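Working through the structure, step by step
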Amino acid sequence: MLIKRGIAVSPGVVTGTALLLGSEDFRIPRTVVSVDAIDTEIARFHVALENVCKEIAENQRQAAEELGKEYGDIFAAHLAMVRDPKLIEEIEFSIRDRCFSPEFATSRVLRHKAKVMQNLGSHYLAERAADVFDVEKRLLRHLLGERREELTQLTAPVLVLAHNLTPSETANMSREFVLGFATEVGGPTSHTAIMAGALEIPAVVGVGDFLSDVSGGDVVIIDGNDGQIIIDPDEKTQAAFRDSEQKLRTFLERLEGLKELSAETQDGCQIQILGNIEFPEEVDHCNARGAEGIGLYRTEFLYLEKDREPTEDDHFDAYCRVINAFQGRPVVIRTLDLGADKVPTTFRNPLPESSNPMLGLRSIRLSLRNLDLFKVQLRAILRAATRGDVRIMFPLISSLLELRQAKMILADVAEDLEEQGIEFQRDLPVGMMVEVPAAAMLAEEFAREVDFFSIGTNDLIQYTLAADRSDPAVANLYSPGDPSILRLIRMVLAAGSAYDTPVTVCGQMSSDPKFIPLLLGMGLRNLSVTPYIIPELKEVVRNITIAQAEAVAAHALTLDLARDVESYLRGELRKLCPDLVP
Ligand code: PEP
Ligand code: MG
């Protein structure tokens, strides 16, 4: 049994069989075989082995011919490895004596060898482990042949383990069969982490190197509450997890009762709690948790999910589904935030290469350079807005000129619809995200030109502290409690209050219960959050007075280190709602 720690990004605990993505983007269908099938399975292993030997020999010949003998020798080493009688004996033993399927036996034996090489302390040998993985992959490919199962066509439940998952890979995962996932890299507000929250499946990211310790088909526990994964758990551990899962369920059932109650502080101040969504289906999650509307609809996921560019009708249909589910309640549709890590992989890629995509042509900048793409979306929003209380929001605004340009295009699109006699909503509120420090600093100027602000702390933190939100190596710097972030939020709240411009926080900071007293104390009254957390946030709101929250904020703002702010806030939350602090 091996325990690895990472960052918990979506709660819940799940036990299941591992599917390793990247090294074998297919799953090992069976881990064991019946005793009477053993001879046939060993024969099947030998056929695969023979084919792999032929394939490697052919690679060796070609490489030697085209590149020179020394290149051919790389494959000669692979050939020697697969022909090693001790290796063959070991795999045969696993099949015969442990009834492992040839796929599972091959993966386990070779991964164990690779791990030993990685740990010998020699850089050269550690790098050679890649050759062992390569051989594993070849053997698995031959063993699985036609029976290989792609990630998008799973037929049985799995836990996905990967070095990294892009938001589009995550968006395309089978929601029925992926029970949870864990990745070696990724930070708490990476889009992959956000997607896990949206799918409401347990997930842990930023685990560091662990893929060489696990084989496809191994039993694994993903603990999205405490941020750990357990490989090959013993029976005692599995029982303990079942027990704590039961306790968690009881706790969540109690919170479920809060659904119908309003988010009102003890002294009667109403706090608006809205949901963040990526897919129209999530409206059910929001309604089930008592969200008062949608504060952030990340529409770019429409692009990440489809194998073609969405049409105006695709946009329109998706928006109508959300608006219909929230009759009489606000729905904030954010225009496309494509680029950087949210890059569609499956259709015409409109994104130019950039050496620093996070600072490059992403989000509103990309929309303003691709007006046909932008206008298709704006038309759909204006048309759908006749169906409910829709507001439009522009992401990543960094200058007044950019905001004015975006508003001008919106006016052009309205004029086109008017001329074409198509029904649309003319006066919908226009807001912007504050997620670039420049926008926070100019909040007063912006407040005169927008109907609302929504603070995107996920990006605001990465741009203020120059720490990539997905990179665990700088996760120590990436902190919502950093005094610089609190000051920027304070500036936006002050501008909002001076110009009567409502402010929401829709970054992950407001989905973390410990920040609620601080944010309320600073004057925030609107939160837009990951739907599953709504009951916990209501619990915090209902246990505090505004005066108490103001005292917490006043003290937190005197602290000069992020870690002091966060530990102070954790302590305050423990006093208010002990159940919510692990
Ligand atoms: C943010 O940056 O805080 C935000 C809500 O937008 P996204 O996470 O989609 O970048
Ligand atoms: Mg953002």
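Report on the accompanying structure.

The rules we used
- Residues numbered from 1 in each chain as written.
- Chains lettered and ligands numbered in written order.
- Predicted model: local features only at pLDDT ≥ 70, side-chain atom pairs only at ≥ 80, totals over all residues.
- Heavy atoms only, no water.
- Helix = DSSP H or I, 4+ residues; strand = E, 2+ residues; numbered from the N terminus.
- Expected span 1.5 Å × (residues − 1).
- Buried < 20%, exposed > 50% of the residue type's maximum accessible area, 1.4 Å probe, protein only.
- Contact = heavy atoms within 4.5 Å.
- Axes fitted to C-alpha atoms, helices over the stretch in contact; angles between N-to-C directions.
- Parallel < 35°, antiparallel > 145°, perpendicular 65-115°, else oblique.
- Left-handed = near helix turned anticlockwise from the far one by under 90°.
- Nonpolar A, V, L, I, M, F, W, Y, C, P; charged D, E, K, R; others polar.
- Patch = residues over 30% accessible without salt bridge, like charges linked within 9 Å, V, L, I, M, F, W, Y side chains within 5 Å.
- Areas by Shrake-Rupley, 256 points an atom, 1.4 Å probe, with all protein chains shown as cover.
- Salt bridge = Lys/Arg side-chain N within 4 Å of Asp/Glu carboxyl O.
- Pairing = 2+ DSSP bridges.

**With respect to helix H13 (residues 371-384)**
Here H13 is 14 residues long and its end C-alpha atoms lie 20 Å apart, about the 20 Å a rise of 1.5 Å per residue gives. Among the residues of H13, Leu373, Phe374, Gln377, Leu378, Arg379, Ala380, Ile381, Leu382, Arg383 and Ala384 are the ones counted as buried.

**Re the environment of Leu410**
Checked against the element boundaries, Leu410 lands in helix H14 (residues 400-419). Sequence separation between Leu410 and Pro11 is 399 residues; the distance between their C-alpha atoms is 39 Å. Beyond its immediate chain neighbours, meaning those up to four positions away, Leu410 contacts Leu378, Leu382, Ile392 and Val430.

**Topic: the packing of helix H21 (residues 546-556) against helix H22 (residues 562-576)**
Axis separation between H21 and H22 bottoms out at 10 Å; the angle between their running directions is 160°. One finds that H21 runs roughly antiparallel with respect to H22. In terms of crossing hand, the pair formed by H21 and H22 is right-handed. Seen from H21, the contacting residues are Ala551, Val552, His555 and Ala556; seen from H22, they are Val565, Tyr568, Leu569 and Glu572. Of the residues in the contact of H21 with H22, the class split is six nonpolar, one polar and one charged.

**Focus: a nonpolar patch on the surface**
The grouping of Leu67, Tyr71 and Ile74 at the surface amounts to a nonpolar patch, some 300 Å² of accessible area in total. As for its placement among the helices and strands, Ile74 is situated in helix H2 (residues 69-83).

**Comments concerning the pairing of strand S11 (residues 330-334)**
Within S11, five of the five residues are buried, leaving the element largely enclosed by the surrounding structure. Where burial is concerned, the two faces of S11 agree: the one with Pro330, Val332 and Arg334 and the one with Val331 and Ile333 are both buried. Of the strand pairs in this sheet, strand S10 (residues 294-298) and S11 are connected by three bridges, and their pairing is parallel. Along S11, the bridge assignment pairs Arg298 with Arg334. When S11 meets strand S12 (residues 389-394), the two strands line up parallel, connected through five bridges. Along S12, the bridge assignment pairs Val331 with Val390.

**So, the sheet that holds S10**
Taken together, eight strands build a closed barrel; the order of strands is S9-S10-S11-S12-S13-S14-S15-S16 and the barrel is parallel. Across the sheet, the mean angle separating the axes of adjacent strands is 25° when strand polarity is ignored. Pairing geometry for strand S15 (residues 503-505) and strand S16 (residues 526-529), over two bridges, is parallel. When the sheet's bridge partners are listed, Thr504 is paired in S16 with Asn526.

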